[in-house]
Amino acid sequence: MRTIIAPASAAVKSGVIVVRASGPNSFELLEKLSGKSTPSPRHAVLRNLFDAKGDLIDNALVIAFNAPNSFTGENVVEFHLHGGMAILKNFLETALETGLCYPANPGEFSRQAFENSRMDLTEAEAIADLIDAETNAQLKQAQKQMRGELGALAREWREEIISALSESEAYIDFPDEDLPDGLSARASSTVKNLIKSLKQHIEDSKSAQRIRDGFSIIILGEPNAGKSSLLNALARRQAAIVSSIAGTTRDVVEISLNIGGNLVFVADTAGLRETSDEIEEQGVKIALERAEHSDLRIGLAPDAASAKEIASHLAAGDILVWSKSDLQSPDYLKIDGIDEIAISTKNNSGIKELEDLILMKINTGLAPVSAPLTRARHVFAVSEAIKALEAALDAPSEALELACEDLRIAARALGEITGEVGVDDILDKIFSSFCIGK
Ligand SMILES: Nc1nc2c(ncn2[C@@H]2O[C@H](COP(=O)(O)OP(=O)(O)OP(=O)(O)O)[C@@H](O)[C@H]2O)c(=O)[nH]1
Ligand SMILES: [Mg+2]
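Now for a look at the structure at hand. (Residues numbered from 1 in each chain as written. Chains lettered and ligands numbered in written order. Predicted model: local features only at pLDDT ≥ 70, side-chain atom pairs only at ≥ 80, totals over all residues. Heavy atoms only, no water.)

Some thoughts on the sheet that holds strand S4 (residues 56–65)
Strand pairing in a sheet relies on backbone hydrogen bonds. The paired strands run either parallel or antiparallel. Rule in force here: For two strands to pair, DSSP has to find at least two bridges joining them. Each helix corresponds to a stretch of at least 4 residues labelled H or I by DSSP, and each strand to a stretch of at least 2 residues labelled E; elements are numbered beginning at the N terminus. Throughout, a contact is declared for two residues whenever any of their heavy atoms are within 4.5 Å. Lines fitted to C-alpha atoms define the axes, with helix axes restricted to the stretch in contact, and inter-axis angles between N-to-C directions lie between 0 and 180 degrees.
Taken together, the 6 strands give an open sheet; going across it, the order is S3-S4-S5-S2-S1-S6, and neighbouring strands pair in mixed fashion. Where the open sheet ends on each side, the last strands, each with one partner, are strand S3 (45–50) and strand S6 (102–103). Pairing geometry for S3 and S4, over 6 bridges, is antiparallel. Across the sheet, Leu-46 pairs through a bridge with Leu-61, a residue of S4. Strands strand S1 (4–7), strand S2 (16–22), S3, S4 and strand S5 (76–82) of the sheet are contacted by helix H1 (residues 26–34), whose axis makes an angle of about 35° with S5. Those strands touched by helix H2 (residues 85–97) are S1, S2, S3, S4, S5 and S6, and its axis lies near 175° from that of S1.

Next comes the structure, spelled out in structure tokens:
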């Protein structure tokens, strides 16, 4: 393990900047910079730190943590410097000049912690999510994962497969016994139950990923329906251009909002119509494509003809909004599963009601679940495991070995969630998405 160093707090002018060194040389580094011995672990002490010429860099608070009782599992020293840019620059240059340490790569501290079994991959990801969290829902979810809920569940699933596997392998090892048809009744019932629960988790993961990545809403409607006006009303600022010229919005204009503690993205789009304008046509195409992948569609229409048209792009659970209610009253279509509401951005009526309705939809779509799969990586691993488990159930009765191999594949896929069967390039990819100093 190499010794690494990087600011652990933002490297901006501030009261204090914390620089962290981690690895076998960290104590020697502290001794070299301070000219004194390493203080007893976990005790904050003041030390003068000097550069190579013997000039004072800073009088800093330092804390040493001895392996394995540190964040990374290595010897760690935290240098709490006065938060000035010249101090930080001098300090880092001097530290690197000693040849005792290297600048840390993104995520390298967490990687050390992972390599030293201080945490599994899901917990490392949770730290990244915790730091990135901007809403309360994101924070709660990251805290859950940091407590190891997902890691524990993944291990439990893996153990169930391994028990089914060892039971089946016993038949192969003792061929004198009567071979069951395929997996034994007990093993296949374990596998069947597991598939059910894995599928349920994939279903639930949609909610978890929406919490982490944001809930997406798209506004659709014919040109001039008032889409950009609605976006601006929700944003409470002039986010998109509004004009009486049909075809004003051509690209997707997206804003982020915090609605009821949830991260929500609202996208305004080009008005839907047949057009000979190449750019507008592209805008319409993009709007329709995005609508399919959005969590909620708001169809906007000022009159019955355009309401009927826009309703064809909506699905159950979506909202049909009658716009410009100051000009005409709505003639509700009363389609099953579609909520309808009338608004006017001109006199600000119905906006609050629409926001309440949106929040209700978000809350149903974001119901927190226990130990959720929060990343595409987790969902992929679970899907691979399901495929392999289904193959194990389908294996021909005379080929118990094949079924066992499928079980092994499933166990390996689930092991990737916690990193127990880590492939180096996967680990590189995950940790490099973290920031430096994490
Ligand atoms: N009376 C009235 N006019 C409105 C209302 N909302 C929007 N408008 C007007 O309708 C026109 C079009 O509004 P936009 O918000 O630009 O409509 P849009 O759907 O974004 O239009 P495109 O970007 O061209 O697709 C503008 O002149 C707005 O001032 C409303 O509630 N009442
Ligand atoms: Mg517009």
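Once you've had a look at it, read on.
As for the coordination of the magnesium ion (ligand 2)
Put simply, the rule reads: As a rule, N, O and S atoms within 2.8 Å of a metal are its donors, except that Na, K and Ca use 3.2 Å; water is not among the atoms, so sites may look incomplete. Relative accessibility under 20% of the residue-type maximum defines a buried residue, over 50% an exposed one, and the middle range a partly exposed one, all with a 1.4 Å probe and only protein chains included.
Looking at the magnesium ion (ligand 2), one finds its protein donor set to be Ser-228 (OG) and Thr-249 (OG1), positioned 2.0 to 2.1 Å from the metal centre. Of this pair, Ser-228 sits in helix H8 (residues 227–235) while Thr-249 sits in the loop between H8 and strand S8 (253–259), and the two are 21 residues apart along the sequence. The exposure class of Thr-249 is buried, given its relative accessible area of 12%.

Side note on the site of ligand 1
Quick note on the threshold: Whether a residue is near a molecule or strand depends on its heavy atoms: if one lies within 4 Å, it is near. Whenever two N or O atoms come within 3.5 Å, that pair is a polar contact, provided that in protein one can donate a hydrogen and the other can accept it, and provided that, for residues adjacent in sequence, both atoms are side-chain atoms. To measure how exposed things are, a 1.4 Å probe is used in the Shrake-Rupley method; for residues, cover is taken only from the protein chains shown. When residues are sorted by character, Ala, Val, Leu, Ile, Met, Phe, Trp, Tyr, Cys and Pro go into the nonpolar class, Asp, Glu, Lys and Arg into the charged class, and all the rest, Gly among them, into the polar class.
Taken together, 22 residues sit near ligand 1, with Lys-227, Ser-229, Gly-247, Thr-248 and Thr-249 positioned nearest. Contact between ligand 1 and Lys-227: an oxygen atom at 2.7 Å from a side-chain N or O atom of the residue. Within the backbone of Gly-271, one N or O atom sits 3.3 Å away from an oxygen atom of ligand 1. If ligand 1 stood free it would expose 650 Å²; the protein chains cover 87% of that surface. Of the residues belonging to the shell around ligand 1, the class tally is 6 nonpolar, 12 polar and 4 charged.

Remarks on the pattern of salt bridges
Filter applied, for reference: By salt bridge we mean one thing: a side-chain nitrogen of Lys or Arg within 4 Å of a carboxyl oxygen of Asp or Glu.
Inspection of every chain in the model, using the stated rule, returns 23 salt bridges. A salt bridge links Asp-129 to Arg-212, with the nearest nitrogen and oxygen atoms 3.0 Å apart. Placement of the pair is Asp-129 in helix H4 (residues 121–132) and Arg-212 in helix H7 (residues 185–213), with a sequence separation of 83 residues. A salt bridge links Arg-210 to Asp-295, with the shortest nitrogen-to-oxygen separation between them at 2.7 Å. Here Asp-295 lies in the loop between helix H9 (278–293) and strand S10 (296–301) and Arg-210 lies in helix H7, a separation of 85 residues in the sequence. Note on Asp-295: relative accessible area 24%, which makes it partly exposed. A single network of salt bridges, built from pairs that share partners, joins Asp-120, Arg-155, Arg-158 and Glu-420.

Some points on the packing of aromatic side chains
Condition: In this scheme Phe, Tyr and Trp rings, the latter by its six-membered ring, pair at centre separations within 6.5 Å, and the angle between planes marks the pair as stacked below 30 degrees, edge-to-face above 60, and tilted otherwise. Remark: a charge is flagged as sitting over a ring if the NZ atom of Lys or the CZ atom of Arg is within 6 Å of the ring centre and within 35 degrees of the ring normal.
What the rule picks out here adds up to 3 aromatic pairs. A ring pair is formed by Phe-79 and Phe-91, whose centres lie 4.8 Å apart and whose planes are at 55°; its orientation type is tilted. One end of the pair, Phe-79, is in strand S5; the other, Phe-91, is in helix H2, and 12 residues separate them in sequence. The two residues Phe-79 and Phe-91 agree in class, both being buried. Relative to Tyr-332, the ring of Trp-322 lies with its centre 6.2 Å away and its plane at 90°, an arrangement referred to as edge-to-face. Placement of the pair is Trp-322 in strand S11 (residues 319–322) and Tyr-332 in the loop between S11 and strand S12 (339–342), with a sequence separation of 10 residues. Over the face of the ring belonging to Phe-109 we find Arg-20, whose NZ or CZ atom lies 4.7 Å from the ring centre.

Some words on the nonpolar core
Definition in use: In this description, a nonpolar core means a group of buried Ala, Val, Leu, Ile, Met, Phe, Trp, Tyr and Cys residues linked to one another through side-chain atoms lying within 4.5 Å.
The biggest cluster of nonpolar side chains holds 34 residues, and the ones touching the most others in it are Ile-161, Leu-183, Leu-198, Val-382, Leu-389, Leu-407 and Leu-414. Contributing elements (two or more residues each) for this core: helix H6 (149–173), H7, helix H12 (376–394) and helix H13 (400–418). Sorting elements by how many residues they give to this core places H13 first, with 9 residues. Leu-414 has contacts with Ala-154, Trp-157, Arg-158, Ile-161, Leu-198, Val-382 and Ala-385, leaving out every residue within four places of it along the chain. Listed in part, the 29 residues of the second largest apolar core include Leu-230, Ile-259, Ile-362 and Leu-366.

Digging into the side chain of Thr-418
By secondary structure assignment, the location of Thr-418 is in helix H13. Given a relative accessible area of 3%, Thr-418 falls into the buried group. Thr-418 has contacts with Phe-114, Asp-120, Leu-121, Thr-122, Gly-151, Ala-154 and Arg-155, leaving out every residue within four places of it along the chain.

Description of H12
Two residues of an α-helix separated by three or four positions point the same way, owing to the 3.6 residues in each turn. Convention followed: Under the convention used throughout, the expected extent of a helix is 1.5 Å for every residue step, that is, one less than its residue count.
Helix length check: H12, at 19 residues, gives a terminal C-alpha distance of 27 Å against a target of 27 Å (1.5 Å per residue), a fit within 8%. Those residues of H12 lying buried are His-378, Val-379, Ala-381, Val-382, Ala-385, Ile-386, Ala-388, Leu-389 and Ala-392.

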